[in-house]
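# Residue-level structural notes
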Amino acid sequence: MAGARQAQQWLLTLLPAFPVLLLVLRLWQLSQQDMSTMLLLVQYVSPLGLLSALLIALVWAFPVVVLTFGVLGRLLRLSAPDRFDPERSLLASGTARTPGWVISAAVALAALTWQLRFLPSLLMLGLWLLALRTRYLHPDQPTRILFVSVALPLAAAVLAYSVLGPAIWTAYREGELSTAALLAVPPAATLLLTGPIPGWIAPTLTHGLAFTVAAVLPVVMGAVFLRVPLLPTAAVEVLPKHTTETATPSASPTSATPASTSPAASDGTAARDGTAEGGREVVLGALITVTDTSTIVLDRTAAVRFLPNDWVESQVLCPQAAAVPYSLVSVGGWPVEETALDWMMPRRPVADPDIRCEGRLPGAE
């Protein structure tokens, strides 16, 4: 009785720490493992911005957890009812306490946030859940069970292959075997787990798969989040204002470290456009904040630049570069790497990029 409750208490205690760990690791990576830079980022980066980036990047993970563990828990309950003990098994406890509307919400969220190539897998998981639930709630209605367990998966597979058939052939012809498998295998696999499996293997199989997903999913989530930008990319045009005082290199106000004392030396792009004598330059990097005296930028070499505000001639926000598509496969004009939200939302107007976002000065050849 105490096993599942203790595991659940530990899970509820450690679960909030996982997003915090991801955020700290992302800042540590962004600072290039420099503690001073990381502390500066912690001081100025908005917690709401960090959480927003985390939510947008990992919103797909919630349906993965709910649907995967929902299928495994219901399969265990139907195949080995004598081993389905919510007081001893965390998988059984989660299955017994998850209401139906959570499953429905997870399916709807996955339909909007999963890429097209993963939607056949969503169809498979949804039909598995429906069939297992029907067999458990209505064991005395064979007609309904036959319809949900056989007829509906067959009809869904025929419809899926009629829509995805050209894309599957294109993916196979182009050598994109993973895309072809993701589109072709799940519709046919919907007939595999619409009923119970042998009871002697059900506990081992379901708990083993649950532990595997619980171990792999955080690693995948971390790998995805570590590539998400947390700060806006900006191009700052700077014209140093010289004074009559002679400044030593170590006292340069535009750099956080002695290694990047000159405004033109701390950034590779700036060094090409600026001069060692303090000419006009473009500093390209992540905009940390703007204080009363300085504009603080984390340049492409992870060096912090403190640019006096009276040196700043102009600045422009640089849009994030669009990801280069990996796959050439599409379904009715819908690329397999795009989500339904991407497909439904209006496209950003295509405009000529600002030359400063390339690290060049306006008018430069």
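Criteria and thresholds
- Residues numbered from 1 in each chain as written.
- Predicted model: local features only at pLDDT ≥ 70, side-chain atom pairs only at ≥ 80, totals over all residues.
- Heavy atoms only, no water.
- Disulfide = S-S within 2.5 Å.
- Helix = DSSP H or I, 4+ residues; strand = E, 2+ residues; numbered from the N terminus.
- Buried < 20%, exposed > 50% of the residue type's maximum accessible area, 1.4 Å probe, protein only.
- pLDDT = per-residue confidence, 0-100.
- Contact = heavy atoms within 4.5 Å.
- Pairing = 2+ DSSP bridges.
- Axes fitted to C-alpha atoms, helices over the stretch in contact; angles between N-to-C directions.
- Parallel < 35°, antiparallel > 145°, perpendicular 65-115°, else oblique.
- Nonpolar A, V, L, I, M, F, W, Y, C, P; charged D, E, K, R; others polar.

### Some points on the state of the cysteines
What the rule picks out here adds up to 1 disulfide. Note on cysteine connectivity: Cys318 is disulfide-linked to Cys357, with sulfurs 2.1 Å apart. Between Cys318 and Cys357, the disulfide has an S-S torsion of -95 degrees and is therefore left-handed. Of this pair, Cys318 sits in the loop between β5 (312-317) and β6 (330-331) while Cys357 sits in the segment after α13 (340-344), and the two are 39 residues apart along the sequence. By relative accessible area, which is 8% here, Cys318 ends up buried.

### Considering the confidence of the model for the protein
The predicted model of the protein averages 82 in pLDDT, with 84% of residues at 70 or higher. Contacts of residues 243-254 to residues separated by more than four positions or lying in other chains number 15 contacts, the stretch itself having pLDDT below 50. Within the model, the stretch residues 256-277 combines pLDDT values under 50 with 44 contacts to residues more than four positions away or in other chains.

### Section: the pairing of strand β1 (residues 233-238)
The side chains of a regular strand alternate, first on one face of the sheet and then on the other. Within β1, 5 of the 6 residues are buried, leaving the element largely enclosed by the surrounding structure. In this sheet, β5 lies alongside β1 in antiparallel orientation, the contact comprising 5 bridges. Paired with Val236 across the bridge in β5 is Gln315.

### Some words on the packing of helix α2 (residues 17-30) against helix α4 (residues 47-58)
Two quantities define a packed helix pair, namely the angle between the helix axes and the distance between the axes. Closest axis-to-axis distance for the α2/α4 pair is 11 Å, and the angle between their directions is 105 degrees. Taken together, α2 and α4 sit at an angle that is classed as roughly perpendicular. Residue-level contacts link Pro19, Leu22, Leu23 and Leu27 of α2 to Leu50, Leu51, Leu54 and Leu58 of α4. Of the residues contributing to the contact of α2 with α4, the split by class is 8 nonpolar, no polar and no charged.

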